[in-house]
Every structure is written in C-alpha cells, then in structure tokens.
Amino acid sequence: MPLALLALAVGAFGIGTTEFVMMGLLPNVADDLHISIPSAGHLVSAYALGVVIGAPLLAALTARMPRRRVLVALMVLFVAGNAVSAAAPDYHLLMAARFVSGLPHGAFFGVGAVVATSLVAPERKARSVSLMFLGLTVANVIGVPIATLMGQQLGWRATFLAVSAIGLAAIAALLLLVPADHGHGGTGGLRGELKALGSLPVWLSLGTTVAGFGALFAAYSYVTPMLTGTAGFAEASVTLLLALFGVGATAGNLLGGRLADRSLRGTLFGGLVSLGLVLALFPVLMRAEWSAAVAVVLLGTAAFITGSPLQLMVMEKASAAPSLASSANQAAFNLANAGGARIGGLALAAGFGLTSPAVAGAALAVLGIGVAGVAYGVDLRRARAVAASATTGHGLLVASHVPDVVPASDAGEPSRRR
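Parameters and conventions
Residues numbered from 1 in each chain as written. Predicted model: local features only at pLDDT ≥ 70, side-chain atom pairs only at ≥ 80, totals over all residues. Heavy atoms only, no water. Axes fitted to C-alpha atoms, helices over the stretch in contact; angles between N-to-C directions. Helix = DSSP H or I, 4+ residues; strand = E, 2+ residues; numbered from the N terminus. Parallel < 35°, antiparallel > 145°, perpendicular 65-115°, else oblique. Left-handed = near helix turned anticlockwise from the far one by under 90°. Contact = heavy atoms within 4.5 Å. Nonpolar A, V, L, I, M, F, W, Y, C, P; charged D, E, K, R; others polar. Salt bridge = Lys/Arg side-chain N within 4 Å of Asp/Glu carboxyl O. Buried < 20%, exposed > 50% of the residue type's maximum accessible area, 1.4 Å probe, protein only. Core = buried A, V, L, I, M, F, W, Y, C linked by side-chain atoms within 4.5 Å. Phe/Tyr/Trp six-rings, centres within 6.5 Å; stacked < 30°, edge-to-face > 60°. Patch = residues over 30% accessible without salt bridge, like charges linked within 9 Å, V, L, I, M, F, W, Y side chains within 5 Å. Areas by Shrake-Rupley, 256 points an atom, 1.4 Å probe, with all protein chains shown as cover.

Participant: Sorry if this is basic, but what is going on with the packing of helix α4 (residues 91-118) against helix α15 (residues 322-349) here?
Facilitator: How two helices sit against one another is set out by the angle between their axes and by the gap between those axes. Across the interface, α4 lies against α15 with an axial gap of 7 Å and an inter-helix angle of 135 degrees. In terms of axis orientation, α4 runs oblique to α15. As α4 runs across α15, the sense of the crossing is right-handed. Residues H105, G106, A107, F109, G110, V111, A113 and V114 of α4 form the contact with α15, whose participating residues are P322, S323, S326, S327 and Q330. A class-by-class count of the residues in the contact of α4 with α15 yields six nonpolar, seven polar and no charged.

As structure tokens, then:
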C-alpha cells in the first residue's frame, strides 16, 4: 500500500478526534462559557450541520481542481476552524467555528477515497479506503480519550489547539506523500457532477448508508445508560467500554476492506445482517457485564464492516462524479447519526426500556437490508437490459453486413445492392 494512504489516515485521525471529543468536553465548555449543557450540546449539532452542508458543496465546487490541492485546502480550513474554536471568546463564535470545522469533513473523506482507490490496483480499492478510515476509527480508541483528558486537565481550548497541530501534520504529510500530478477531478463542471449524482442507484446506495448507520447510532447514542442502568457498570468504566467499541470498529473496518475486495455486495449484506443480529440480541447481552462488553465490541465490528463497501459502492454508481458522490455519502453518515439518535430517543421516551433503542436500531438494519436488496434488483434489471440491448445490437450488426443480392433467376446479371 502506498505511503500516501498514511497522509490520508493522519487527516482522518484529526477529523475523527475533533468530531467526537466535544461530547466529552461539554461540561468543561459549559462551565467556562457560562452556558447550560444542553446549549453546549448544540456545538455538536453545529459541527454535524457543517458536515452535511460542506460535504457535497465543497466537493462540487472543487471538482475540476487537482485533488492534492483540494485535500490540502480542506485541511487548511480544518486547521482554521479548530484554531478559532480554541480562541473563541464566547459561545456564538465557538458555534460558528465548530460549523466551519465541520465543513471540510465530508469533502476530505470523499476526495480522499477517490485518491486512495486511484493509487492501488483494482483488487485493493476497498482495502485502500479502509486504511484511510483507519485514522477515523483509531481516533476513537486513542485520539478522543487523550484529547478529552487533555481538555479536562489543561482546559478545553488546549484540546482544539492540539487538533490544529494534527491538521498541520496532515498538511505536511499530504504535500510530501501524495503525488503532485496525481490527477484532477472531472471536467464536466458542477452541472455534470450534479447530473451524475442524480441516478437511482446512487440514491439507493446513499439510502443504504442512512439506514445502515442509522441502526448503529440509534443504539450507540444511548449505550451509556444501557451499560450503567441495565448491565450494571459504574460510570467510571464507560470510557474504557467506549474504547472497546473503537477497537471493534477498527477491526471491522479492516475486515470489511479486505472482504469487500473479494465481494463488495456480499460484504455489505453480511455486515448489515450481522449488525441487525447484534442489535436484536442487545436486550439479552446487556443482562451481564461480560456479555455487555462483548456486545459493545461486536457492535463496532459489525457496523464498520459496511463502511468501506458503502463508500466504494456509491463511488462506482456515480463513476462520472466519484468525489461528489463519495462526499455525499459522508453527509449521509451524519444524517444517519442525527436520524438514528432521534429514532432511538423516541423508543426510549415511549417507555419501552433502556435497551429499546437497540431494538429500534435492529429495525433500521432490516430497512437497510431492504434498500440494499432493492438496489441489487435495480442493478440486475439494468444489467439484463444492457445485455439484451447488446445482443440485439449484435444481431442487427451481423445482418447489416449480409450483402443484399438479386434472385438466382437473374444470375445472368451482375449482383447488385438494392
């Protein structure tokens, strides 16, 4: 695997750290800025909103630029957003800075996935995407806990300064390791990119992402009350258990990349089925501490097996606009985050029990399998139509090459075409 993937992983590590660290620093930020914790929670939403808006917008606007230049520019915006976050004197500026920090998130992963797949042989595309995403999953294991501890000990502003430093390291790595003449985006302009994104297979792939990862976030958003209220863990143990989730996510990400290079759709269906089963078993697994810990690891593994296949499938369905489609898939991930958390919260508020968000997540996984099945059916129908058209066209081509001669009774005259 080329070293350029390391540069992409460093950028992904910084992005993953800044995305999730705010959740652990909400009390510190609230105390320092004299706001309520629910108000501080809006800072998480501001980042997610930046991702949803920035992912397709920035990918479309930079579609014709050299991709290394795009990646560097996105990381410059990332560094600026986090540096302003560290220096923000009040809540409103911090809110704006968090929004800016989220803008490059989706476009970086989208363009990065295109770069990653173009640097390797076709049979290693999914694996290359998984190695880029490795930075994101490792951030949950190492980056977020360390950054949270730093924020608690040195102040939350120190955390965002550290994240800015990671962004600067990513910029240096991109300039050193990604070839300058790597390539450009499409030449069709914004209109061509949007047209390529409008096909049914692309939207079905994005729908699979929303449903599949919505299943994850329906449960994961409420995993802490499940672990403390049902499994019986002390609150102090939750941080370690969430790190176990990150370990499972890292393993699932690497496994999914390797398996998807052998069977893209098979890995996708297998991951969604595994995710649905794990979530359906959550009410049982949460009855004991040891099984609850296993459930957290399995949740991360099953969910992230589908990460690389989903990313690669969207790119293949929009081959004329892979950067835009890949970035739109990142926006779909964040919609899944918000939507899944909302659905899990509704189940909890309805009084169905602390593990009910996981059951709601299992239902979303089934929905994801259904959407993926519809996408598979559409692909089969289109493939058959193309095959039939090719066969008919071949027959017409053969017929057009058969000379049209006069009847045998006119053999005395020269043969001629009508």
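The structure having been displayed, the exposition proceeds.
Participant: Sorry if this is basic, but what is going on with the pattern of salt bridges here?
Facilitator: Pairing between side chains of opposite charge can happen when their charged atoms approach one another. Counted by the stated rule, this structure contains four salt bridges. Residue D32 is joined to R157 by a salt bridge in which the shortest nitrogen-to-oxygen separation is 3.4 Å. You can see D32 sitting in helix α1 (residues 4-33) and its partner R157 sitting in helix α6 (residues 156-177), a full 125 residues away along the chain. Judged by relative accessible area, D32 falls into the partly exposed class, the value being 38%. In this structure, D379 and K317 form a salt bridge, with 2.6 Å as the shortest nitrogen-oxygen distance. Of this pair, D379 sits in helix α16 (residues 356-400) while K317 sits in helix α14 (residues 307-317), and the two are 62 residues apart along the sequence. Looking at K317, the relative accessible area reads 26%, which means it is partly exposed.

Participant: Sorry if this is basic, but what is going on with the packing of α1 against helix α3 (residues 67-87) here?
Facilitator: In the contact formed by α1 and α3, the axes pass within 12 Å of each other and the chain directions differ by 30 degrees. When the axis of α1 is compared with that of α3, the two are roughly parallel. The handedness of the crossing between α1 and α3 comes out as left-handed. Contacts between α1 and α3 involve L8, G11, G14, I15 and T18 from the former and L71, M75, F78 and N82 from the latter.

Participant: Even after reading the chapter, I still don't get the nonpolar core, so can you show me in this structure?
Facilitator: A general tendency of soluble globular proteins is for nonpolar side chains to be buried together. Grouped together as the largest cluster of nonpolar side chains are 46 residues, with contacts concentrated most on F213, L216, L227, L279, F282, M286 and L299. Among the elements that make up this core, the one with the highest residue count is helix α13 (residues 289-305) (eight residues). Those residues in contact with L227 that lie beyond four places of it in its chain are G232, F233, L241, M286, A292 and V296. Counting 38 residues, the second largest nonpolar core, distinct from the first, contains L71, L103, F109 and F133.

Participant: Honestly, the packing of aromatic side chains in this entry has me stumped. Any pointers?
Facilitator: Here the distance between the centres and the angle between the planes together describe a pair of aromatic rings. On inspection of all chains with the given rule, the structure shows seven aromatic pairs. A ring pair is formed by F109 and F133, whose centres lie 5.4 Å apart and whose planes are at 25 degrees; its orientation type is stacked. Here F109, found in helix α4, pairs with F133, found in helix α5 (residues 125-154); they are 24 residues apart in sequence, far enough to count as distant. For the residue pair F109 and F133, the accessibility class agrees, reading buried in each case. With 4.2 Å between their ring centres and 25 degrees between their planes, Y220 and F245 make a pair best called stacked. One end of the pair, Y220, is in helix α8 (residues 200-220); the other, F245, is in helix α10 (residues 238-260), with 25 residues separating them in the sequence.

Participant: How should a nonpolar patch on the surface be read in this particular structure?
Facilitator: Residues L49, I53, L57 and L61 make up a contiguous nonpolar surface patch of about 370 Å² in total accessible area. If you trace the backbone, I53 turns up in helix α2 (residues 37-61). Assessed through its relative accessible area of 39%, I53 is described here as partly exposed.

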